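These are the residues of each chain, in order.
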Amino acid sequence: MYGGGYVFCEPDVHGQPDDPERLAEFEARIDRGEKIEPQDWMPYEYRRQLIRLIEQHAHSEIMGALPEGAWITRAPGFKRKLALIAKVQDEVGHAQLLYSAAETLGKSRADMVNDLLSGKSKYSNVFNYPAKTWADVTVIGFLIDAAAIVNQVANSKGSYGPYCRALERICYEESFHLKQGYDAFVALATGTKRQREMLQDAINRWYRPIIHFFGPPDNESVHSKQLMRWKVKMASNDEMRNQFLDAYVPKVLELGLTFPDPELRKDPQTGRWHYGDPDWAEFYRVINGDGPCNAERLSARRLAEENGRWIRQAIMNPQQKFTIPFA
Amino acid sequence: MNPIVELITKLGDDAFILGHRHSEWTGLGPILEEDIAMSSMAQDKIGHALALYTILHEQFGGPDPDTIGFLRNEKEFRCCHLVEYPNGEYDFTLVRHFLFDHAELLRYQLLRQSTFAPLARFAAKVMGELKYHVLHADSLMQRLALGNEESHARLQASLTEAFPLAAGIFEKSPYEDQLIAEGVFAGEALLQQQWLKEIEQRVQAWDLHLPEAREPLAGLGGRYGYHTPYLQPLLDELTSVFRSEENASW
Ligand SMILES: [Fe+2]
Ligand SMILES: [Fe+2]
């Protein structure tokens, strides 16, 4: 899964200035649409921001496994149970792929995980909201995965080779998640009165986090110009949000469901969607650690890491009497 | 009960309940690679249960698979105690998976010869997956048993706990003689013999040992509907959404 609303770093004023000739050469390659590979020269700032971006994406995949994963044991019926395990498994696989992509830039998986657990690294805000009922799982699988696809398809056209290749495979799997998510969503929308109510309630609760998903409006996002020039950031937050609303709001409305925002409408002149104030202060509160589930999610992740420590130590033991490649 | 229905029910229930336990690790595995492996085996196991319940539905006029899986009460389940136990730490999960899947692979090897064709066909189909499950269990058991002092001690402790329970896998069915006579299944006694050989060999090679004293009734009862206290809460959770709305489709 994942999404937008990446938090890029403040430009590092203490960083080494880049050799202007190499920088010009690098930018010319990007302009020609070439991919940058791990062994290639790259500006200091490019590497730093990319690590941050891919790492956040990886964390979002692994943290995104938690709210849905909690429903695997309760998924109603074989079809939903099998689909949900497969989906969450994919998300964990995405984390693995993305950690490897980030490692090509020089930061180890262990360091990234430590920064996640200490709260230094961020991950997508949506996973700090609770999945209260089965309907939440269908809203996540349909709408959050749809939003993630908009974001990931954009990123897959970026300039860093390993990240693009990981994203191509990820997008392919995400499209299955979306299909299954939509199927489960429609089952509730066309189900009993209680099922419909449960679904409407979940949409009401998820609407704001979904609007937040792509990050603050463009006029509030800082220093994204250079990142767009370097094809690290591929589309503006507002563009992606608009693309998402345009494709998916009608799909929800046509099922007779509603959104809890009287201002939500498409401007027929500009073709752009207008939405009511989603309280961006809440977005910043949650990303800085003060959301409804931040503490719970991090402690679940911490516990999983703690529980795995003896296995990692045994496997990496230099005195080990026997080694084979890990299956 | 029809002897074949009884046999298929217990096979399906073992796979369903153990698959459910495996899936509790999804997203919470001790390392990403194990998280993914466990999720994939969970899907295989639950898929096996679905296929077996489908045979009951199609060949014997039983209810549809969701009804079999999600609407029976605890007494109607025929799984063995070993699969009902909570996951505990990863060492217990791994040792259980090792003990169970060796039995499972050998069982389906025997069932390939079954005179009941749908079961023989299913056995041929699942062998490939089960070989992978056994390979996974063996390679991780080996690495951890020979890893360091802590990992060795953990596996030994879990083996001492789980091995006696594994006897319940081979608890004889009330129709054992009939199933053997009709060539449906070669029988639990033969299977247990074959299994013990495989397990002993490996355990020795990895500096582990099987516990000495064996409580004669440990792990037994599941095939007759007498379960551990862990099964009912598992079923409550498993069926909570499914049962929350009557005649709904999800
Ligand atoms: Fe994903
Ligand atoms: Fe996804």
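Predicted model only: the values in this text are computed from it and were never measured.

Definitions and cut-offs
- Residues numbered from 1 in each chain as written.
- Chains lettered and ligands numbered in written order.
- Predicted model: local features only at pLDDT ≥ 70, side-chain atom pairs only at ≥ 80, totals over all residues.
- Heavy atoms only, no water.
- Contact = heavy atoms within 4.5 Å.
- Buried area = accessible area lost by both parts, 1.4 Å probe.
- Salt bridge = Lys/Arg side-chain N within 4 Å of Asp/Glu carboxyl O.
- Polar contact = N/O pair within 3.5 Å; in protein donor to acceptor, adjacent residues only side chain to side chain.
- Helix = DSSP H or I, 4+ residues; strand = E, 2+ residues; numbered from the N terminus.
- Donors = N, O, S within 2.8 Å, 3.2 Å for Na, K, Ca; no water.
- Tetrahedral: all angles 85-135°; square planar, octahedral: opposite > 155°, others 65-115°.
- Expected span 1.5 Å × (residues − 1).
- Buried < 20%, exposed > 50% of the residue type's maximum accessible area, 1.4 Å probe, protein only.
- Core = buried A, V, L, I, M, F, W, Y, C linked by side-chain atoms within 4.5 Å.
- Phe/Tyr/Trp six-rings, centres within 6.5 Å; stacked < 30°, edge-to-face > 60°.
- Axes fitted to C-alpha atoms, helices over the stretch in contact; angles between N-to-C directions.
- Parallel < 35°, antiparallel > 145°, perpendicular 65-115°, else oblique.
- Left-handed = near helix turned anticlockwise from the far one by under 90°.
- Nonpolar A, V, L, I, M, F, W, Y, C, P; charged D, E, K, R; others polar.

Q: Lay out the interface of chain B and chain A with the relevant residues and their values.
A: Tallying the contact residues gives 53 residues for chain B and 50 residues for chain A. Together, the buried faces of chain B and chain A total about 4,600 Å²; carbon and sulfur atoms form 66% of this surface. Contact with chain A buries surface across chain B, with Leu32, Arg143 and Trp250 of chain B losing the most and accounting together for 19% of the total. Residue Arg109 of chain A is joined to Glu33 of chain B by a salt bridge in which the shortest nitrogen-to-oxygen separation is 2.7 Å. The interface formed by chain B and chain A includes 14 residue pairs in polar contact (both at pLDDT 80 or more). Secondary structure elements with two or more residues in the side of chain B that touches chain A: α1 (3-23), α2 (32-60), α3 (65-71), α5 (90-111), α6 (117-145), α7 (149-166) and α10 (231-239) of chain B. In terms of residue count, α2 of chain B provides more of the side of chain B that touches chain A than any other element does, 14 residues in total.

Q: Let's hear about the coordination of the iron ion (ligand 2): which residues, and what values?
A: Residue and element names in this part refer to chain A. Distances from the iron ion (ligand 2) to its protein donors, Glu91 (OE), Asp145 (OD), Glu174 (OE) and His177 (ND1), fall at 1.9 to 2.3 Å. Each of the four donor atoms around the iron ion (ligand 2) contributes to a set of angles spanning 88 to 151 degrees, which defines the coordination as irregular. The sequence motif formed by the donor residues of the iron ion (ligand 2) is E-x53-D-x28-E-x2-H.

Q: Go over helix α3 (residues 78-103) of chain A with me, naming the residues and quoting the values.
A: Between its first and last C-alpha, α3 of chain A extends 38 Å over 26 residues, near the 38 Å set by a 1.5 Å rise per residue. In terms of burial, α3 of chain A is largely enclosed, as 19 of its 26 residues are buried.

Q: Give a description of the nonpolar core that names residues and reports values.
A: Core analysis: the largest hydrophobic core is formed by 177 residues, its most contacted members being Tyr46, Trp134 and Phe244 of chain A together with Leu99 and Tyr108 of chain B. Sort the elements by how many residues they give to this core and helix α5 (residues 134-155) of chain A lands first, with 14 residues. Discounting residues that sit within four places of it in the chain, Tyr46 of chain A has contacts with Phe26, Ile30, Ile36, Ser159, Tyr160, Trp230 and Val232 of chain A.

Q: Describe unusual backbone geometry, with residues and values.
A: Of note, Lys231 of chain A is a non-glycine position whose phi angle comes to about 55 degrees, a positive value. Structurally, Lys231 of chain A can be placed in the loop between α8 (225-229) and α9 (237-253). Although it is not a glycine, Asp207 of chain B sits at a positive phi angle of roughly 60 degrees. Relative to the assigned elements, Asp207 of chain B resides in the loop between α9 (188-205) and α10.

Q: Describe the environment of Thr54 of chain B, with residues and values.
A: Residues and elements named next belong to chain B. By the element assignment, Thr54 lies in helix α2. Residue Thr54 is classed as partly exposed on the basis of its relative accessible area of 22%. In the structure, Thr54 is positioned 70 residues away from Ala124 in sequence and 16 Å away in space, judged by C-alpha atoms. Separated by 2.5 Å, the side chain of Thr54 and the backbone oxygen of Leu50 make a polar contact.

Q: So what's going on with the packing of aromatic side chains? Which residues, and what values?
A: Residue and element names in this part refer to chain A. Summed over all chains, the structure comprises 29 aromatic pairs over all chains. With centroids separated by 6.0 Å and ring planes inclined at 75 degrees, the aromatic side chains of Tyr46 and Trp230 adopt a geometry described as edge-to-face. Of this pair, Tyr46 sits in helix α2 (residues 44-69) while Trp230 sits in the loop between α8 and α9, placing them 184 residues apart in sequence. Both residues of the pair, Tyr46 and Trp230, belong to the buried class.

Q: Help me get a handle on the packing of α2 of chain A against α3 of chain A, residues and values and all.
A: Residues and elements named next belong to chain A. The N-to-C vectors of α2 and α3 enclose an angle of 160 degrees; their axes lie 8 Å apart at closest approach. Classified by the angle between their axes, α2 and α3 sit roughly antiparallel to one another. Handedness of the α2/α3 crossing: left-handed. Every residue of α3 that contacts α2 at Ile54, His57, Ala58, His59, Glu61, Ile62, Ala65, Glu68 and Gly69 is listed here: Leu84, Lys87, Val88, Glu91, Val92, His94, Ala95, Leu98, Tyr99, Ala101 and Ala102. Of the residues contributing to the contact of α2 with α3, the split by class is twelve nonpolar, four polar and four charged.

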